[in-house]
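# Report on the structure
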Amino acid sequence: MSDTKKFVYINRKAPYGTVYALESLEVVLIGAAFEQEVQLVFVDDGVYQLTKGQDTDGIGMKNFSKTYSALGDYDVNQIYVDEQSLKDRGLTMDDLQELTYEDEDDDWAEKSSMKLVNREQLADLISDADVLLNF
Amino acid sequence: MSTLHTVNKSPFDRNSLDTCLSVTKADATVLMIEDGVAGAMQNTTASAGISDAMAKGVKFAVLGEDLRARGLPADRVMDGFSVVDYAGFVQLSADHDNVQSWL
Amino acid sequence: MKFAIQINEGPFTHQAADTAYQFTKAALANGHEIFRVFFYHDGVNNGTMYGVPPIDDRNVQQMWSELAEEHDLDLVVCVAAAQRRGIMDEDESKRHGKGAANIAPKFRISGLGQLIEAGIQADRLLVFGD
């Protein structure tokens, strides 16, 4: 086996109601230093993690939604959003933050990190993973 | 690569089994554990989806210890399921290339 | 085969830690290796020595300590998750000016990197949670 493994994070929980989203993000940030291939999947209620305009002042909890936009700086730029989950919740990509990265192989052009996937593509992402981290 | 999917939620409580079944490939196995074992019983609203996946080639297993703990008789588990113990769970994890836990 | 185990829930509220324990025991009994057990989220609560369950109930924390003793398991509690939830070893407790350590025998506190390393080193990583 090669030295690099494909780590796929499957995020299925909404933020704030439980701690999973926040602590998953903490794993992703630490994991980025290990130079493995990293893919993030947002499916089911996990898509709520990426909504725009989160304001947690009223609930007295830390708003960590801005951290997602820093993922590009950590070379985490393969972010997959499940289309069906958005649809089921009356959401579109326009409701989500736009996550980008600067492509060093393309004169640091700013590119989108996000891809909309269907269930067949999601099946491939899961099946091709070396390590699946479930939150 | 083949995946072992574990489901630990009752299909009557959460959508974990539904989402799982929508992404299982023909070479995958779905193992129901903890409260997830409820999904293995005959004649439930989950049965049709499971039968469809079986027809596609997906294999199904259920953890016997969790069935027994919940008073769910193994003879009322859907046809086509294998009832495994913890050693069987370990073996399934070794036999597949990765494990996806639908928490 | 080399397994890594991640546990996301504490003892008692969810079955996750029990299932992980039974899995780990069965894996060892069948000649497999457990590279590491990593406790994350509320899973860090498996590592307190102060749990005193009723005498007719299992003691999940103690079961882990004993299994680790018997098989020299590497039980790692995530430091960030542990600090949030008040699980401390001697060093942590001193550093944060707390009265005493409460980490159970055979558990150690370390960083999230230990989870990633477990994913890299082990043949399979299994997550137990809710």
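This structure is a prediction, so every number in the text was calculated from the model and none was measured. (Residues numbered from 1 in each chain as written. Chains lettered and ligands numbered in written order. Predicted model: local features only at pLDDT ≥ 70, side-chain atom pairs only at ≥ 80, totals over all residues. Heavy atoms only, no water.)

## Observations regarding the interface of chain C and chain A
With 20 residues of chain C at the contact, the number on the chain A side is 20 residues. Of the roughly 1600 Å² buried where chain C meets chain A, counting both sides, 58% is carbon and sulfur surface. When the buried surface of chain C facing chain A is broken down by residue, His41, Ile116 and Ile120 of chain C rank first, second and third, together holding 32% of it. Notably, a salt bridge pairs Glu26 of chain A with Arg84 of chain C, separated by 2.7 Å at the nearest N-O pair. Linking chain C with chain A are 10 residue pairs in polar contact (both at pLDDT 80 or more), by the criterion used here. Elements that contribute at least two residues to the side of chain C that touches chain A include exactly helix 3 (79-85), helix 5 (113-121) and strand 5 (124-128) of chain C. For the side of chain C that touches chain A, the element with the highest residue contribution is helix 5 of chain C, accounting for six residues. Among the residues making up the side of chain C that touches chain A, the classes are represented as 10 nonpolar, five polar and five charged. (Contact = heavy atoms within 4.5 Å. Buried area = accessible area lost by both parts, 1.4 Å probe. Salt bridge = Lys/Arg side-chain N within 4 Å of Asp/Glu carboxyl O. Polar contact = N/O pair within 3.5 Å; in protein donor to acceptor, adjacent residues only side chain to side chain. Helix = DSSP H or I, 4+ residues; strand = E, 2+ residues; numbered from the N terminus. Nonpolar A, V, L, I, M, F, W, Y, C, P; charged D, E, K, R; others polar.)

## Topic: the packing of aromatic side chains
By convention here, two paired aromatic rings are described through the distance between centres and the angle between planes. One pass over the full model with this rule turns up 13 aromatic pairs over all chains. With a centroid separation of 4.7 Å and an interplanar angle of 70°, the aromatic rings of Phe89 of chain B and Phe23 of chain C are classed as edge-to-face. Placement of the pair is Phe89 of chain B in helix 4 (residues 86-95) and Phe23 of chain C in helix 1 (residues 16-29), with the two residues belonging to separate chains. You'll find Phe89 of chain B and Phe23 of chain C in the same group, each marked buried. Aromatic side chains Phe23 of chain C and Phe128 of chain C sit 5.7 Å apart centroid to centroid with 55° between the ring planes, which places their arrangement in the tilted category. Of this pair, Phe23 of chain C sits in helix 1 while Phe128 of chain C sits in strand 5, placing them 105 residues apart in sequence. Through successive ring pairs, a cluster of aromatic residues spans Tyr16, Phe42, Phe64 and Tyr68 of chain A. Above the face of the Tyr20 of chain A ring, Lys13 of chain A is positioned so that its terminal group lies 4.4 Å from the ring centre. (Phe/Tyr/Trp six-rings, centres within 6.5 Å; stacked < 30°, edge-to-face > 60°. Buried < 20%, exposed > 50% of the residue type's maximum accessible area, 1.4 Å probe, protein only. Lys NZ or Arg CZ within 6 Å of the ring centre and 35° of its normal.)

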